Amino acid sequence: MQRFANKIVVITGASSGIGRATAIRIAAEGGTVICLDVVEAALNETVNLIKQQGGASREKAEAHLCDVSNSNKVKQLIDTVIKKHGHIDVLINVAGVIKLDHATNISDDVWQRIININLSGTFYMCRETLPHLVNSKGNIVNISSTSAVRGLPYGIAYGASKGGVSALTKSIAVEYAKRGVRANTVCPGSIMTDMQKQSGLPNDIDWKLIPRISAIDNHFGKPDDIAGVVALIASEQDGSHINGAEYVVDGGTTT
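A brief look at the structure comes next. (Residues numbered from 1 in each chain as written. Predicted model: local features only at pLDDT ≥ 70, side-chain atom pairs only at ≥ 80, totals over all residues. Heavy atoms only, no water.)

## Examining helix α8 (residues 223-234)
At step 1: Along its 12 residues, α8 runs 16 Å from first to last C-alpha, staying within 8% of the 16 Å computed at 1.5 Å per residue.
At step 2: Taken together, the buried positions of α8 are occupied by Pro223, Ile226, Ala227, Gly228, Val230, Ala231, Ile233 and Ala234.
At step 3: Contact partners of the buried residues in α8: α1 (17-28), β4 (90-93), β5 (139-143), β6 (182-188), α9 (236-239) and β7 (246-249). (Helix = DSSP H or I, 4+ residues; strand = E, 2+ residues; numbered from the N terminus. Expected span 1.5 Å × (residues − 1). Buried < 20%, exposed > 50% of the residue type's maximum accessible area, 1.4 Å probe, protein only. Contact = heavy atoms within 4.5 Å.)

See below:
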């Protein structure tokens, strides 16, 4: 399928995990992917992986360093993309961080960092891109989390940030629907990524709470599982009537 032929698709958090898998998937379907992250080596690796697959659209993949928590950097980046390409068709916000700990152990700095990247970063990207999406009749897919729909033990800051992402997305979906822009969220759960591996758990946890965040069969999904859902929602071919929706992809964890 070439559902993203001639489309300019901006993807944050593209250096690994869901962001990388999504960039590879969109490029494989003909999209010109603008890959953003702060980890330069891994970001370049993503773009190299895309280009190694061959094809005209894959050769157009770009890597840009961008700290989404910095509103000035976000504006500069979007201005650069528009100056070069003239339009943006899809925005996919994946960039995020997590820290699991007892609620009373979360410092101001940890709280603010998580909110700044996960929530404010998503907002900044949406704010700067929306005028261009109105012009292109494009759409936004924001990566939220099952922690936005069900309490995440030891994840108070992460859950708060992702709850905000889900609410933000619904507001955009309603406000911009009549202007031709769609906005949706995907809520992954039990997906094995680098962030998942590094999240850890604090000492002295209540292990009876852990099944709340585990798939029914204790099976972890793959970033590709999320990338496929994102591609469906973001495509006009298959997702044109999807707006304001939350897609939970978690192996039955929240069922």
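## Observations concerning unusual backbone geometry
At step 1: In this model, Tyr154 sits at a positive phi of 70 degrees, which is unusual for a non-glycine residue.
At step 2: With respect to the helices, strands and loops of the structure, Tyr154 is situated in the loop between β5 and α6 (156-176).

## Comments concerning the sheet that holds strand β1 (residues 8-11)
At step 1: With respect to topology, 7 strands assemble into an open sheet ordered β3-β2-β1-β4-β5-β6-β7, the strand pairing being parallel. Since the sheet does not close on itself, it has two edges, and those belong to β3 (62-65) and β7, each with one partner. Each adjacent strand pair in this sheet contributes to an overall mean axis angle of 15 degrees, direction not counted.
At step 2: Pairing analysis gives 4 bridges linking β6 to β7, with the strands arranged parallel. For Val186, the partnering residue across the bridge sits in β7 and is Tyr247.
At step 3: Where helix α5 (residues 108-136) meets the sheet, it contacts β1, β2 (32-37), β4 and β5, and its direction lies at approximately 175 degrees from that of β4. (Pairing = 2+ DSSP bridges. Axes fitted to C-alpha atoms, helices over the stretch in contact; angles between N-to-C directions.)

## Details of the packing of aromatic side chains
At step 1: Scanning the model with the defined rule gives 1 aromatic pair in all.
At step 2: Relative to Tyr124, the ring of Phe123 lies with its centre 5.8 Å away and its plane at 50 degrees, an arrangement referred to as tilted.
At step 3: Exposure remark for Phe123: the relative accessible area of 36% places this residue in the partly exposed category. (Phe/Tyr/Trp six-rings, centres within 6.5 Å; stacked < 30°, edge-to-face > 60°.)

## Considering the environment of Ser240
At step 1: Relative to the elements of secondary structure, Ser240 occurs in the loop between α9 and β7.
At step 2: Considered as a pair, Ser240 and Val33 are 207 residues apart in the sequence and their alpha carbons are 20 Å apart.

## Let's talk about the pairing of β2
At step 1: Burial analysis of β2 places 6 of its 6 residues in the buried class, the great majority of the element.
At step 2: Every second residue of β2 is oriented toward a common face, with Thr32, Ile34 and Leu36 on one face and Val33, Cys35 and Asp37 on the other, all of them buried.
At step 3: Examined bridge by bridge, β1 and β2 share 4 bridges and lie parallel to one another. The partner of Val10 across the bridge, within β2, is Ile34.
At step 4: For the segment spanning β1, α1 and β2, crossover handedness is right-handed. (Right-handed = clockwise from strand over helix to strand, strands pointing away.)

## Examining the nonpolar core
One recurring pattern in soluble globular proteins is that nonpolar side chains are buried together.
At step 1: In terms of nonpolar packing, the biggest core is built from 30 residues, with Val10, Leu36, Val74, Leu91, Met125, Ile140 and Ile172 touching the most fellow members.
At step 2: In terms of residue count, α5 provides more of this core than any other element does, 8 residues in total.
At step 3: Once you skip the residues sitting within four places of it in the chain, Val10 turns out to touch Ile34, Leu36, Ile88, Val90, Leu91, Ile92 and Met125.
At step 4: Formed by 27 residues, the second largest nonpolar core is a distinct cluster that contains Ile11, Val90, Ile92 and Ile143. (Core = buried A, V, L, I, M, F, W, Y, C linked by side-chain atoms within 4.5 Å.)

## Focus: the pattern of salt bridges
Pairing between side chains of opposite charge can happen when their charged atoms approach one another.
At step 1: In total, this model carries 10 salt bridges according to the counting rule given.
At step 2: Glu128 is the salt-bridge partner of Arg127, the closest N and O atoms lying 3.4 Å from each other.
At step 3: When its relative accessible area of 38% is taken as the criterion, Arg127 is described as partly exposed.
At step 4: The class for Glu128 is buried, based on a relative accessible area of 17%.
At step 5: For Lys222, the salt bridge identified is with Asp225, shortest N-O distance 3.7 Å. (Salt bridge = Lys/Arg side-chain N within 4 Å of Asp/Glu carboxyl O.)

## A few points about the packing of α1 against helix α2 (residues 40-52)
At step 1: With their axes 10 Å apart at the nearest point, α1 and α2 run at an angle of 25 degrees to one another. Classified by the interaxial angle, the pair formed by α1 and α2 is roughly parallel. Every pair of crossing elements has a handedness; the one defined by α1 and α2 is right-handed. When α1 is examined against α2, the residues Arg20, Ala23, Ile24 and Ala27 are found in contact with a partner set consisting of Ala42, Glu45, Thr46, Leu49 and Ile50. (Parallel < 35°, antiparallel > 145°, perpendicular 65-115°, else oblique. Left-handed = near helix turned anticlockwise from the far one by under 90°.)

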